[in-house]
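Chains, contacts and geometry: an overview
So you can see what is in the structure, the chains are spelled out below.
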Amino acid sequence: MSEVPIPPHRRRAHTSTRDLERYAGLFAERTTVMRSSAMRDLMAITARPEVISLAGGLPDTSTFPPQSFAAQMTRIAQESAAEALQYGPTEGFEETKDCIVEVMGAEGMLVDPHDVIVTTGGQQAIDLICKALVDPGDVVICEAPTYPGAVPVFCSYQAEVIQVECDEDGMRVDELEQLLERLRRDGRRPKFVYSVPTFQNPAGVTMSLPRRQRLVELARLHELLVVEDNPYGLLRYGGEPMPPLYQLDGGDFVLYIGTFSKILSPGIRLGWAVAPPPVMEKIVLGKQAADLCTSTLTQYFVREYFAEGRWRQYVEDLVEIYRGRRDTMLAALVEHFPAAATWTEPQGGLFIWATLPEYIDSGDLLAKALRADVAFVPGQAAYIDERGRNSMRLNFSGVGDAEIREGIRRIGAVIAEQVELYEALTGEESTLARAEPGRRGGEADGADVLPFRKTGEGSG
Ligand SMILES: Cc1ncc(COP(=O)(O)O)c(C=O)c1O
């Protein structure tokens, strides 16, 4: 297709003060508290081919066999082109829901397809749940740190977000309990608790069974909704599976969010939400207003793919690959990060959360790291407030072993510069000694993580 030149009078000059004034009075109140997703911004920067990105949460889609993709799409084109190119029901096709029931069944959950809506990724499910439940000023509770992509959603619905600290066993449910009590005394009822209890994004930690049980009990006691976001449950590299909150609760108070992004492809933009009928009704209304329906074409693709019966084998192949990459990253951290750093040892998922000495600001560090052509997500993206400054999220699924090693080496070198500068300025003794191999153990058995930052204080 030949390119049509933009006529000179239509070309955008720099935004003038006049332009800013013209639009300023039109923006909705909520835009003043909207914030950008740090990850989206970073993805633009890390698109440069020379950058080793440990920033995204990217699954390695190069592992999906192109012949299989071609065969499925050809079958769709030959057998059901007209239907696949048409609109579909807002709730999603029954056949897609059958696949979802199968995926949830693989983690021990029994679900009624009527309680399921197919969404444009798990991200839209978070948005639709907020749209259905959150008015400006409402309290939403989440983990500290929380999924960085949920932060802009909560902000755009003008929620008051309260974060409850995590440790190696996931959200501190005892702190949550105290918080609920405080809110009750103030006459405030939180709209929901948002949690990624299994292989959390960003911290890589998993909520222990006693905490899961207690959280579900609290939900019943306080008639509190819990939103369980579980993109990573099937990506387990060690240890025993843990029952999802949805399974423990049976679906009365736990709303569930799932996605095909990490077990098949994020490009197909297919996720889902599970909710009891009264909540589902509102979610469906919100979805109608947002985009009418989820892509018919990609739902047809999932249907064809599941009909082949090999989806579990593909997930097992991914698990093998990611386990190796996680181990590579853990070994590289021991080699290249200073002894003063700690990090999580996840038993699944895609992320390691590293914490550096307090005086290092990971936002500043990122600017320096980008000059060395390597990227990570600064910890602050996972907090509503100013916390997380000396932490970082590192992804080990999106690039191969050699790049992981080189990426961690480069980040380690930038950290070393910062540490040396600090020590030169303060005269403090060197903390640059490398971590002893084994100091953080090998494969964590039993606990999901070894060291985890203990910040101590409160949830607010
Ligand atoms: C916890 C969590 N929720 C939701 C999403 C959004 O995923 P998607 O919209 O691709 O399904 C992600 C993506 O990384 C995630 O980590």
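Everything numeric in this text was worked out from a predicted model, so none of it was measured. (Residues numbered from 1 in each chain as written. Predicted model: local features only at pLDDT ≥ 70, side-chain atom pairs only at ≥ 80, totals over all residues. Heavy atoms only, no water.)

**Some words on the overall build of the chain**
The cut-off we apply is this: A run of H or I in DSSP counts as a helix once it spans at least four residues, and a run of E counts as a strand once it spans at least two, with each numbered from the N terminus. All accessible areas in this document rest on Shrake-Rupley with a 1.4 Å probe, and a residue is counted as covered only by the protein chains that are shown.
The number of helices and strands found in the chain is 14 helices and 14 strands. Carbon and sulfur atoms provide 53% of the accessible area of the chain, an area that totals close to 20900 Å².

**A short note on the packing of helix α12 (residues 311-336) against helix α14 (residues 401-426)**
In plain terms, the rule: The axes are straight lines fitted to the C-alpha atoms, using for helices just the contacting stretch, and the angles between their N-to-C directions are given from 0 to 180°. Put simply, angles under 35 degrees are roughly parallel, angles over 145 are roughly antiparallel, angles from 65 to 115 are roughly perpendicular, and the rest are oblique. By definition, any crossing whose near helix is turned counterclockwise from its far helix by less than a right angle is left-handed, and any crossing with a clockwise turn is right-handed. When checking whether two residues touch, look at their non-hydrogen atoms; a contact exists if any pair is within 4.5 Å. Side-chain classes are defined by residue name, with Ala, Val, Leu, Ile, Met, Phe, Trp, Tyr, Cys and Pro counting as nonpolar, Asp, Glu, Lys and Arg as charged, and the others, Gly among them, as polar.
Contact pair α12 / α14: the axes reach a minimum separation of 9 Å and the direction vectors enclose 25°. The angle between α12 and α14 falls in the class roughly parallel. Two packed elements cross with a definite hand, and for α12 against α14 that hand is right-handed. Within the contact between the two elements, α12 uses G324, R325, T328, M329, A332, L333 and H336 and α14 uses D401, I404, R405, I408, R409 and G412. Along the lines of polarity and charge, the residues of the contact of α12 with α14 split into 5 nonpolar, 4 polar and 4 charged.

**Observations regarding the packing of aromatic side chains**
To keep it simple, the criterion reads: Two rings from Phe, Tyr or Trp (for Trp, the six-membered ring) form a pair when their centres are within 6.5 Å of each other. A pair whose planes differ by under 30 degrees is stacked, one over 60 is edge-to-face, and the rest are tilted. Note on exposure labels: buried denotes an accessible area under 20% of the residue type's maximum, exposed denotes more than 50%, and partly exposed covers the range between, all computed with a 1.4 Å probe on protein chains only. The rule is short: NZ of Lys or CZ of Arg within 6 Å of the ring centre and within 35 degrees of the ring normal puts a charge over the ring.
Going through the model one piece at a time under the given rule, you end up with 17 aromatic pairs. Residues F337 and W343 carry aromatic rings whose centres are separated by 6.3 Å and whose planes lie at 90° to one another, so their mutual orientation is edge-to-face. The same class applies to F337 as to W343, namely buried. Site record: aromatic cluster; members linked through ring pairs are F64, F69, F260, W272, F301, Y305, F306, W311 and Y314. In this structure, R303 packs its charged tip against the face of Y300, placed 4.3 Å from the ring centre.

**Here we look at the nonpolar core**
What counts here: What is meant by a nonpolar core is a set of buried Ala, Val, Leu, Ile, Met, Phe, Trp, Tyr and Cys residues, joined one to another through side-chain atoms within 4.5 Å. Domain start and stop points were drawn from an automatic or database domain assignment.
By size, the foremost hydrophobic cluster in this structure holds 96 residues, and its most contacted members are F260, F337, M392 and L394. Among the elements that take part in this core, α12 stands out by supplying 11 residues, more than any other. In this structure, this core is formed jointly by two domains, domain 1 (40-56 + 313-445) and domain 2 (66-307), each of which donates at least three residues. Apart from residues lying up to four places away in sequence, F260 is in contact with C99, I100, V103, S265, I268, L270, G271, W272, V302 and F306. Residues A125, I126, F154 and Y157 belong to the second largest nonpolar core, which totals 30 residues.

**Focus: the side chain of S156**
Looking at where S156 falls in the secondary structure, it is placed in helix α6 (residues 150-156). Setting aside residues up to four positions removed in sequence, S156 forms contacts with R30 and M34.

**Notes on the environment of A132**
Relative to the assigned elements, A132 resides in helix α5 (residues 121-133). The spacing of A132 and E281 is 149 residues in sequence and 9.2 Å in space, taken between C-alpha atoms. In this structure A132 touches K282 and I283, once residues within four positions along its chain are discounted.

**A few points about the site of the ligand**
For clarity, the cut-off: Proximity is defined per residue: if any heavy atom of the residue lies within 4 Å of a molecule or strand, that residue is considered near it. Polar contacts, as used here, are pairs of N or O atoms within 3.5 Å; protein pairs need one atom able to donate a hydrogen and one able to accept it. Residues neighboring in sequence count only if both atoms are side-chain atoms.
Residues in close proximity to the ligand total 14 residues, the closest being G122, D229, Y232, T259 and S261. Separating a nitrogen atom of the ligand from a side-chain N or O atom of D229 is a distance of 2.5 Å. K262 places a polar side-chain atom, nitrogen or oxygen, 2.9 Å from an oxygen atom of the ligand. Notes on the ligand: free accessible area 400 Å², of which the protein chains cover 93%.

**Description of the packing of helix α13 (residues 362-371) against α14**
For the pair α13 and α14, the least separation of the axes is 9 Å and the interaxial angle reads 130°. Here α13 is positioned oblique relative to α14, judged by the angle of their axes. Handedness of the crossing formed by α13 with α14: right-handed. Seen from α13, the contacting residues are L365, K368 and A369; seen from α14, they are V414, I415 and Q418. Split into classes, the residues belonging to the contact of α13 with α14 amount to 4 nonpolar, 1 polar and 1 charged.

**Some details on α5**
Note the threshold: Multiply 1.5 Å by the residue count of a helix minus one, and that product is the helix's expected span.
Taking 1.5 Å as the rise per residue, α5 with 13 residues should run 18 Å; its terminal C-alpha atoms sit 19 Å apart, in good agreement. Of all the residues in α5, the buried ones are G121, G122, Q124, A125, I126, L128, I129, C130 and L133.

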